[in-house]
Amino acid sequence: MDYVLPDVPGCPIPAANIAIRQATIAFCEQSLAYKATHPDIAVVAGTAEYDFVPPDETVVHVITYAAFNGDELQSRVGEYGISNPDWRSEEGTPKYIFGGMTSLMLIPAPDVDGTLIMTVALKPSPDATGIDGSIFNEFREAIIHGALSRLMLSPKKPYSNPSLATYHNQQFTIMTGQAGTRTARSFTRAPLQTSILRRG
């Protein structure tokens, strides 16, 4: 609020809250900068689907790395990228992992017990009241620009300013792209060794 409200005089705090949250979600979705090591998942033979366990007030946006019993899984392949048409009913050694809104699926369904490790990109949940401090401190300029752009596009408000909204949106796009490029360069074939940071 301290960074946003001075530039939008008369803006209600609830409206600013929504804009900051939406800008943060958009930043995380586009940059994949909010990375974390997901807690290990104990996999049971014959069971393909498992719930994500993200930190409070976050959801998993995408799986950036996954391995089952030490073997890396393909996480960026959609259903149409699997050549076997019977993949839904087969069991075997998992080769792929799909991430949904709240759960993941191993393909094919595992035929042995094991451990699934993952690195994921997170984003705030739709009702989140905050974000990990380290993420905001590092990327706050982009998030502030995104929030101001949204607020200044509000019609018939004391703080409406389409011209400035365009400027702030351009800065948001540039900074988010830069963060995304930096994040892409940091992806490795091994999971990150940092743990999830929770808000205090």
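Below or above, wherever it landed, is the structure these notes cover. Values in this document were obtained by computation on a predicted structure and should not be read as measured data. Note that residues are indexed from 1 along each chain, following the sequence as it is written. Two thresholds apply to this predicted model, a pLDDT of at least 70 for residue-level local features and 80 or more for giving and counting side-chain atom pairs, whereas whole-chain, interface and lining totals are computed over all residues. Hydrogens and water are ignored here; the side-chain numbers use all heavy atoms of the structure.

**Overview of unusual backbone geometry**
A cis geometry characterises the amide bond from Ile 107 onward to Pro 108, with omega recorded as -10 degrees. Mapped onto the elements of the fold, Pro 108 is located in the loop between strand 7 (103-107) and strand 8 (109-110). In this structure, Glu 57 is a non-glycine residue whose phi angle is positive, near 65 degrees. We note that Asn 69 has phi near 50 degrees; this positive angle belongs to a residue other than glycine. Turning to its location among the elements, Asn 69 is positioned in the loop between strand 3 (58-68) and strand 4 (71-72). Runs of E in the DSSP output that reach at least two residues are strands. Runs of H or I that reach at least four are helices, and both are numbered from the N terminus.

**What about helix 1 (residues 13-31)?**
The first and last C-alpha atoms of helix 1 sit 27 Å apart over 19 residues, in line with the 27 Å expected at 1.5 Å per residue. Residues of helix 1 that are buried: Ala 16, Ala 19, Ile 20, Ala 23, Thr 24, Ile 25, Ala 26, Phe 27, Cys 28 and Ser 31. The elements touched by buried residues of helix 1 are strand 3, strand 9 (114-124), helix 2 (133-152) and helix 3 (162-186). Looking one or two residues beyond helix 1, the residue adopting positive phi is Leu 32, at roughly 60 degrees. How far a helix is expected to stretch is found by multiplying one less than its residue total by 1.5 Å. Using a 1.4 Å probe on the protein chains alone, a residue whose accessible area is under 20% of its type maximum counts as buried, one over 50% counts as exposed, and one in between counts as partly exposed. Pairs of residues are marked as contacts when any of their non-hydrogen atoms sit within 4.5 Å.

**A word on the nonpolar core**
As a rule of thumb, soluble globular proteins bury nonpolar side chains together. Residues Phe 27, Ile 97, Leu 104, Leu 116 and Met 118 are the most contacted members of the largest nonpolar core, which totals 44 residues. For this core, the elements supplying multiple residues, two or more each, are helix 1, strand 1 (35-43), strand 3, strand 7, strand 9, helix 2 and helix 3. Residues contacting Leu 104, with those up to four places away along its chain left out, are Ile 41, Ala 48, Glu 49, Tyr 50, Phe 52, Ile 63, Ile 97, Phe 98, Gly 99, Leu 116 and Met 118. By convention a nonpolar core is built from buried Ala, Val, Leu, Ile, Met, Phe, Trp, Tyr and Cys residues, the set being connected through side-chain atoms within 4.5 Å.

**Re helix 2**
We define the bend at any residue as the angle between the axes fitted to the seven residues before and including it, ending there, and the seven starting there. The axis of helix 2 is deflected most strongly, by about 80 degrees, at Phe 139. Turning to helix 2, its buried residues number three or more, namely Ile 135, Phe 139, Ala 142, Ile 143, Ile 144, His 145, Gly 146, Ala 147, Leu 148, Ser 149, Leu 151 and Met 152. Structurally, helix 2 contributes buried residues whose contacts are with helix 1 and helix 3.

**Re the pattern of salt bridges**
What counts as a salt bridge is simple: a side-chain nitrogen of Lys or Arg found within 4 Å of a carboxyl oxygen of Asp or Glu. Summed over all chains, the structure comprises two salt bridges. Where Lys 123 meets Glu 29, a salt bridge forms, and the shortest distance between an N and an O atom there is 2.7 Å. In this pair, Lys 123 is assigned in strand 9 and Glu 29 in helix 1, connecting sequence segments 94 residues apart. Linking Glu 138 and Arg 182 is a salt bridge whose minimum nitrogen-to-oxygen distance equals 2.3 Å. Residue Glu 138 is located in helix 2, and its partner Arg 182 is located in helix 3; the two are separated by 44 residues in the primary sequence. Looking at Arg 182, the relative accessible area reads 46%, which means it is partly exposed.

**Things to note about the packing of aromatic side chains**
When the centres of two rings from Phe, Tyr and Trp lie within 6.5 Å, Trp using its six-membered ring, the rings pair. Their planes under 30 degrees apart give stacked, over 60 give edge-to-face, and anything left gives tilted. Taken as a whole, this structure holds two aromatic pairs when the rule is applied. Aromatic pair Tyr 3 and Phe 136: ring centres 6.0 Å apart, planes at 55 degrees, arrangement tilted. With Tyr 3 in the segment before helix 1 and Phe 136 in helix 2, this pair connects stretches of sequence that are 133 residues apart. Measuring from centroid to centroid gives 5.0 Å for Phe 27 and Phe 139, while their planes differ by 40 degrees, and the two rings are tilted. On the criterion of sequence distance, the pair formed by Phe 27 in helix 1 and Phe 139 in helix 2 is long-range, its members being 112 residues apart. According to the relative accessible area criterion, Phe 27 is buried, its value standing at 1%. We classify Phe 139 as buried; its relative accessible area is 11%.

**Some remarks on the environment of Glu 57**
Summarising the element assignment, Glu 57 is placed in the loop between strand 2 (49-51) and strand 3. Residues adjacent in sequence count toward polar contacts only when both atoms are side-chain atoms; beyond that, a polar contact is any pair of N or O atoms within 3.5 Å, and within protein one must be able to donate a hydrogen and the other to accept it. Within the local environment of Glu 57, its side chain forms a polar contact with the side chain of Thr 129, the two groups lying 3.0 Å apart.

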